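Chain residues, written in single-letter form:
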Amino acid sequence: MSNVIKLAPSILSADFAHLGKQVGEAEQAGADRIHVDVMDGHFVPNISMGVPIVASLRRVTRLPLEIHMMISDPDFFLDEFTEARSDSFLVHWEGNNNLHRTVQRIKSLGKRVGVGINPATPAVVLEEIVQDVDQVLVMTVNPGFGQQHFIHSTLPKVRRVRQMIDELRPGCDLEVDGGIDATTAPLVVDVGANVLVAGSAIFSAKESIAAAMERIRGAVESRNTHHEGREEHEEKTSFRPKRGKRIGIFLRVLRALRG
Ligand code: DX5
Ligand code: ZN
């Protein structure tokens, strides 16, 4: 698994009156890609944005634009989003009877492709498609809205998807989306996520975009230090001697037996 955690700010929670400026701030602050949520009011009970937003953003940022297609017929819109110079597509397993075809079409357009699963969808449905994708998206909320509560029961599934990726498609990104903030980011990274989508935790008026991104990164990093600290602590407090010491004891016993 890659140790580098990527941040994908979701502009669903951005201030659309200042979208270009806010995306610029996220880019300056080291965002890895921009996550664009496209909704049609059918696949999810909400509508959001479409091709013109992507075309406009393309003019103001160099960051990869990933399009999260929460629409009933993603195939109908792939060409238009491609013309608007998006970089990757995330399509859902749910409601797509010809997922393999959709994935192949996206690849033939020269774009990165990811497949997403909703909270109630089991990881196992990815088994026959993971070999074909660059990315898996595990939804950690039910898609449709920003600012929802993270669903904790998705964590074991993220871990299962990580195992599947390591076994069948090493190098494939494992992205999570929904309710990610400084509290939940360490949890998802712990179980193997390496791309974190965050909307309301980044584009809130409470602090600057850079500060919010730093807060999430900091939480993930301090989780590493915490882990190292814990291992050290466990070694110090463990009654079992360390491996080196155990070998030393073994050799001493051996010598004593030989006389
Ligand atoms: C939800 C979208 C998310 C959304 C996440 O359906 O797919 O990308 O913007 O928002 P937060 O981070 O606020 O949960
Ligand atoms: Zn999304």
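Details of the structure are given in the entry above.
Residues numbered from 1 in each chain as written. Chains lettered and ligands numbered in written order. Predicted model: local features only at pLDDT ≥ 70, side-chain atom pairs only at ≥ 80, totals over all residues. Heavy atoms only, no water.

## So, the site of ligand 1
S10, G144, D177, G199 and S200 are the nearest of the 19 residues found near ligand 1. For ligand 1, an oxygen atom lies 2.8 Å from a polar atom in the side chain of D37. The separation between an oxygen atom of ligand 1 and a polar main-chain atom of Q147 is 2.8 Å. Coverage of ligand 1 by the protein chains reaches 100% of its 380 Å² of free accessible surface. Among the residues forming the shell around ligand 1, the class breakdown is seven nonpolar, 10 polar and two charged. (Near = heavy atom within 4 Å. Polar contact = N/O pair within 3.5 Å; in protein donor to acceptor, adjacent residues only side chain to side chain. Areas by Shrake-Rupley, 256 points an atom, 1.4 Å probe, with all protein chains shown as cover. Nonpolar A, V, L, I, M, F, W, Y, C, P; charged D, E, K, R; others polar.)

## Remarks on empty space enclosed by the protein
Scanning all chains against the criterion turns up one cavity of 30 Å³ or more. Estimates place the volume of the largest cavity at around 50 Å³. Lining the largest cavity, in full, are F43, M69, I71, S72, P74, H92, E94, G95 and N96. Taken together, the residues of the lining of the largest cavity sort by class into four nonpolar, four polar and one charged. (1 Å grid on protein atoms, 1.4 Å probe; cavity = no way out; pocket = protein on both sides within 12 Å on 5 of 7 lines; lining within 4 Å. Points joined across faces, edges and corners; volume = space filled by probe spheres on them.)

## Observations concerning helix α1 (residues 19-28)
Along α1, the residues classified as buried are L19, Q22, V23 and A26. The arc that holds every buried residue of α1, seen down its axis, measures 100°, which confines them to one face. Residues of α1 that are exposed and angled more than 90 degrees away from the buried face: K21 and Q28. Where α1 terminates, the next one or two residues include G30, which has phi positive at roughly 95°. (Buried < 20%, exposed > 50% of the residue type's maximum accessible area, 1.4 Å probe, protein only. Helix = DSSP H or I, 4+ residues; strand = E, 2+ residues; numbered from the N terminus. Arc of directions from axis to C-beta.)

## Here's the deal with the nonpolar core
Formed by 60 residues in total, the largest nonpolar core has its most connected members in I11, V36, V133, V136 and L196. The element contributing the most residues to this core is helix α5 (residues 155-168), with five residues. Here L196 is in contact with I5, K6, L7, A8, V176, I180, A185, V188, V189, I216 and V220, once residues within four sequence places are set aside. (Core = buried A, V, L, I, M, F, W, Y, C linked by side-chain atoms within 4.5 Å. Contact = heavy atoms within 4.5 Å.)

## A closer look at the packing of aromatic side chains
Counted according to the given criterion, the structure contains one aromatic pair. For the ring pair F81 and F89, a centre distance of 6.4 Å and an interplane angle of 80° mean the geometry is edge-to-face. Just as F81 is buried, F89 falls in that class too. (Phe/Tyr/Trp six-rings, centres within 6.5 Å; stacked < 30°, edge-to-face > 60°.)

## Some words on the coordination of the zinc ion (ligand 2)
When four donors bind a metal tetrahedrally, each ideal donor-metal-donor angle is 109.5 degrees, and when six bind octahedrally, the ideal angles are 90 or 180 degrees. Within the protein, the atoms that donate to the zinc ion (ligand 2) are H35 (NE2), D37 (OD), H68 (ND1) and D177 (OD), at distances of 2.0 to 2.3 Å. One can describe the site at the zinc ion (ligand 2) as octahedral: its six donor atoms subtend angles covering 72 to 170° at the metal. Expressed as a motif, the donor residue spacing for the zinc ion (ligand 2) is H-x1-D-x30-H-x108-D. Residue D37 is found in strand β2 (residues 34-39), and its partner H68 is found in strand β3 (residues 65-70); the two are separated by 31 residues along the sequence. Each member of the pair, D37 together with H68, is buried. (Donors = N, O, S within 2.8 Å, 3.2 Å for Na, K, Ca; no water. Tetrahedral: all angles 85-135°; square planar, octahedral: opposite > 155°, others 65-115°.)

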